[in-house]
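Descriptive structure summary
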Amino acid sequence: MGRIVSSITDGKGFDLLLVGLTMVFLLALAGVPLVYNVVMSFQQVDMFNLSTFSRPFAGFSNYVEVVSQPEFWLIIRNTAIFVFGSIGGQFVFGFALALFFMLKFPFASTIRGLFLVSWVMPGLVVGALWGWILAGDFGVLNAILKGIGLIDNTMFWKSDPSLAIWAVTIANIWLGLAFNMMLLSVGLAGISQDLYEAAELDGANGFQRFSTITLPMMRSTIGAVLALGLIYTLQQFDLFPAITEGGPANSSNVAQYWAWQWSFQLFDFAKGATVSVMMLVFVLFASLVYVWSTRHEVRG
Amino acid sequence: MTAQIELQNVDKHYGTFHALKNIDLAIDKGSFVALVGPSGCGKSTLLRSIAGLESISSGTLKIAGETMNGVPPRKRDVAMVFQSYALYPHMTVERNLSYSLRLKGMSRADAKKKAEEVAKTTGLSELLHRFPRQLSGGQRQRVAMGRAIIRNPKAFLFDEPLSNLDASLRVQMRKEIRSLHDRLGATSVYVTHDQIEAMTMADYVVVMRNGVIEQRGRPLELYDFPANKFVAGFIGSPAMNFIASSIDASGTRLIFDEYSGESIALEQRLEPNRKVIAGIRPEFLRVASEAEANFHIEVGTVESTGSATYISSQDQMVTVVQSERTELKPNDRVGLKVDSARIHLFDAKTEARIVTDAG
Ligand SMILES: Nc1ncnc2c1ncn2[C@@H]1O[C@H](COP(=O)(O)OP(=O)(O)OP(=O)(O)O)[C@@H](O)[C@H]1O
Ligand SMILES: [Mg+2]
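Cut-off values and rules
Residues numbered from 1 in each chain as written. Chains lettered and ligands numbered in written order. Predicted model: local features only at pLDDT ≥ 70, side-chain atom pairs only at ≥ 80, totals over all residues. Heavy atoms only, no water. Near = heavy atom within 4 Å. Polar contact = N/O pair within 3.5 Å; in protein donor to acceptor, adjacent residues only side chain to side chain. Areas by Shrake-Rupley, 256 points an atom, 1.4 Å probe, with all protein chains shown as cover. Helix = DSSP H or I, 4+ residues; strand = E, 2+ residues; numbered from the N terminus. Nonpolar A, V, L, I, M, F, W, Y, C, P; charged D, E, K, R; others polar. Pairing = 2+ DSSP bridges. Axes fitted to C-alpha atoms, helices over the stretch in contact; angles between N-to-C directions. Contact = heavy atoms within 4.5 Å. Core = buried A, V, L, I, M, F, W, Y, C linked by side-chain atoms within 4.5 Å. Buried < 20%, exposed > 50% of the residue type's maximum accessible area, 1.4 Å probe, protein only. UniProt positions renumbered as here; feature names shortened; annotations may be inferred. Domains from an automatic or database assignment. Buried area = accessible area lost by both parts, 1.4 Å probe. Phe/Tyr/Trp six-rings, centres within 6.5 Å; stacked < 30°, edge-to-face > 60°. Lys NZ or Arg CZ within 6 Å of the ring centre and 35° of its normal. Salt bridge = Lys/Arg side-chain N within 4 Å of Asp/Glu carboxyl O.

So, the site of ligand 1
All names here are of chain B. Around ligand 1 sit Y14, F17, A19, S39, G40, C41, G42, K43, S44, T45 and E160, and those are all the residues in its vicinity. S44 has a polar side-chain atom sitting 2.6 Å from an oxygen atom of ligand 1. Summarising the interface, the protein chains cover 60% of the accessible area of ligand 1, which totals 640 Å² for the free molecule. Where the shell around ligand 1 is concerned, the elements lending two or more residues are β2 (17–28) and α1 (43–51). The leading source of residues in the shell around ligand 1 is α1, at 3 residues. Its residues assigned to classes, the shell around ligand 1 comprises 4 nonpolar, 5 polar and 2 charged.

Structure, rendered in structure tokens:
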């Protein structure tokens, strides 16, 4: 007994205790639901067997049915637009802002701090704000675009089927901008000024310094930002109920919102689980690419 | 001789801080110039101004006869070796070396060949495929040198390149850098706070303090004829002893005020009763018999490195260096002798060298 106690206070036991707590936590709150979700996607689930675990095995029939839904390909396309549009927009604007704030000008870090506002705001609030900004007849965005002469007719961002998914994507770019900018700023700050000076003396102009020093040195940071961006975008849910509710006619519906609709509007939990397993496979694949791309970490 | 680098009335301000004050300096083609001075005196600022990494506030800077004010660093054709080496961590040694050539549009094969040549002269041939993090400090230093050499620039600028190396490697690299400079017929400006490095490597030494050039000259000139007390104390190791003194009423004897008024005959007459500072290098003081002694100290510490013995007074104001060992112990009273031709005299107020006929 004494040995166990002393091992916990100052031996290996303490390490095991810490790791054990984390493992229990992860298994109970992430592992079990994940497995349960995968199992459910291969079962027949209805309101009567919802509370038991032993349900009839359904094979791939849930998957076949999900794929053969008329809106399936539309939703895949929307999800692709939403994910790649958001990640691309967040990354490009976030990188531009991060570079801008690396310049030494008065209050640079204070102003950069203000950008965090978008990060601390709840998605539903951001959704409501953008709902107003994007509104057709009285929205600010239309007023601005008309004011500077880019458009003549009112754009119905939320109700035009060809624009709706872009409306949500724009809101999501704004939401994720600060996160991207912050991570990229940290990466940029980690590159020593000496390297830029050496490159400058070696004859590199601004663009060459960016492409031969900044980008390669930022590789792992960029990988992390893109991988996390993918995950955050795929789990972005709040904006959809707040702005378009997936409409009109699924024209702005995406996989994660669809999964929620299956489970909690149609109460077809098996299909909801099926859609989310499909997303899981995609995220797993992306994570593998990320891990593979950062296997030769080079820094310092 | 034509000046390869020329600074005329150069000033540099950081906000309200005046970092370089009216610097005039001409560096001949093919010469090796060391900039020395205490920390914060503006050595790096001067070097970076030549490189173009800092802009000068006023004055003219010329490299190879062309005015360089406002020309960006990449068009000045000077190479710099940084204290941190600043190697590109994501590139192999070969790509570090050939980076500048590739930027100029040289083909990959030619650049590689050139890198191999330079690697041979700097002893890096075995390491071309390593990354900087896989190199020792001395090897990194060589890569930094190679990266500068490969460009065949108009001037080499070094900012304390050896300060991260251990003592023996530093001595070796000192020689290598100097012989490389001679072989390439290069023009080099070398910043260091180590006056031994400056004395052993340079053709000319420039001593700076607080943004001002205090003196410039050949190493032994600075040692033999320091222009003021600051330079006298900075050049030479261990540092020169300074003793507050005065000239006697007849103007022929120097009185060591701090050593109970003991005195020594001057080489020549000086203004009577003038307050001066006597500077005596530790290597020109000798422990002497009572009959010969010019003044006396109480021994404070005795240290020996084997080859040299350092005897310091209790007030730490006077140090003697001799190559013989000694029986002296702390608290012994000992007489010291100095050849009066070896005494440097500085004005007590201005601290400038008092020029005598002897020099
Ligand atoms: N960017 C800057 N802004 C304001 N002051 C600066 C800046 N860079 C240097 N200084 C000041 O200019 C003075 C000279 O600096 P510099 O780096 O040239 O010194 P140094 O002689 O190289 O010293 P060290 O031997 O410590 O390297 C210092 O007092 C320093 O504080
Ligand atoms: Mg410096």
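Having seen the structure, we can now continue with the description.
Brief notes about the sheet that holds strand β6 (residues 78–81) of chain B
All names here are of chain B. Ordered in space as β6-β7-β8-β3-β9-β10, the 6 strands form an open sheet in which the pairing is mixed. Two strands lie at the open edges of the sheet, namely β6 and β10 (212–217), each paired on one side alone. Across this sheet, the average inter-strand angle for adjacent strands is 20°, counted without regard to direction. In the sheet, strand β7 (residues 155–159) pairs with strand β8 (residues 188–191) via 4 bridges, with the strands oriented parallel. Bridge pairing in β8 places L157 opposite V189. Here α1 sits on the sheet in contact with β3 (32–36), β6, β7, β8 and β9 (204–209), set at roughly 150° to β7. Running over the sheet, helix α4 (residues 137–149) touches β6 and β7 and is turned about 175° from β6.

Topic: the nonpolar core
A general tendency of soluble globular proteins is for nonpolar side chains to be buried together. Counting 56 residues, the largest nonpolar core has I213 of chain A together with M208 of chain B as the members making the most contacts within it. With 45 residues, the next largest nonpolar core counts Y85, L87, A198 and I235 of chain B among its residues.

Focus: the UniProt feature "domain: ABC transmembrane type-1" (unreviewed entry) in chain A
The UniProt feature table records "domain: ABC transmembrane type-1" (unreviewed entry) at residues 76–290 of chain A. The straight-line gap between the two end C-alpha atoms of residues 76–290 of chain A is 22 Å; of that span, 73% is helix and 0% is strand.

A closer look at the domain arrangement of chain B
Residues and elements named next belong to chain B. Here the domain parsing of chain B yields domain 1 (3–229) and domain 2 (241–347). Here the C-alpha centre of domain 2 lies 40 Å away from the C-alpha centre of domain 1. Domain 1 puts 6 residues into the contact, and the matching count from domain 2 is 7 residues. Of the roughly 570 Å² buried at the junction of domain 1 and domain 2 (both faces included), carbon and sulfur atoms supply 64%. The three residues of domain 1 that bury the most area against domain 2 are Y223, P226 and K229, which together make up 87% of that side's buried surface.

Focus on the pairing of strand β16 (residues 295–304) of chain B
Each regular strand displays side chains that alternate between the two surfaces of the sheet. All names here are of chain B. The pairing of β16 with strand β19 (residues 333–338) spans 4 bridges and is antiparallel. Across the sheet, the residue bridging to H296 is G335, located in β19. The sheet contact formed by β16 and strand β17 (residues 309–313) spans 5 bridges and is antiparallel. Bridge pairing links E303 to Y310 in β17.

Here's the deal with the packing of aromatic side chains
Tallying each qualifying case throughout the model produces 29 aromatic pairs over all chains. A centroid spacing of 6.2 Å and a plane angle of 65° characterise the contact between F242 of chain B and F346 of chain B, whose relative ring orientation is edge-to-face. Remark: F346 of chain B occurs in strand β20 (residues 344–347) and F242 of chain B occurs in strand β11 (residues 241–247); sequence separation between them is 104 residues. A residue is classified by how much of its surface remains accessible, and F242 of chain B, at 16% relative accessible area, is buried. Here the aromatic cluster, defined as three or more aromatic residues joined through ring pairs, consists of F82, F237, F240, Y257 and W260 of chain A. A cation sits over an aromatic face here: K271 of chain A above W262 of chain A, 5.8 Å from the ring centre.

A short note on the interface of chain B and chain A
Listed per partner, the contact involves 21 residues of chain B and 19 residues of chain A. Of the roughly 1,900 Å² buried between chain B and chain A on both sides combined, carbon and sulfur atoms contribute 63%. When the buried area of chain B at its contact with chain A is split by residue, R74, H90 and L103 of chain B rank highest and sum to 29% of it. Counting the contacts that link chain B with chain A gives 2 salt bridges. Put simply, D202 of chain A and R151 of chain B hold a salt bridge, and the shortest N to O gap is 3.5 Å. Run the count over chain B and chain A and you get 9 residue pairs in polar contact (both at pLDDT 80 or more). Elements with a contribution of two residues or more to the side of chain B that touches chain A: α1, β6 and α2 (93–103) of chain B. At 3 residues, α2 of chain B tops the list of elements feeding residues into the side of chain B that touches chain A. Residue composition of the side of chain B that touches chain A, grouped by class: 13 nonpolar, 3 polar and 5 charged.

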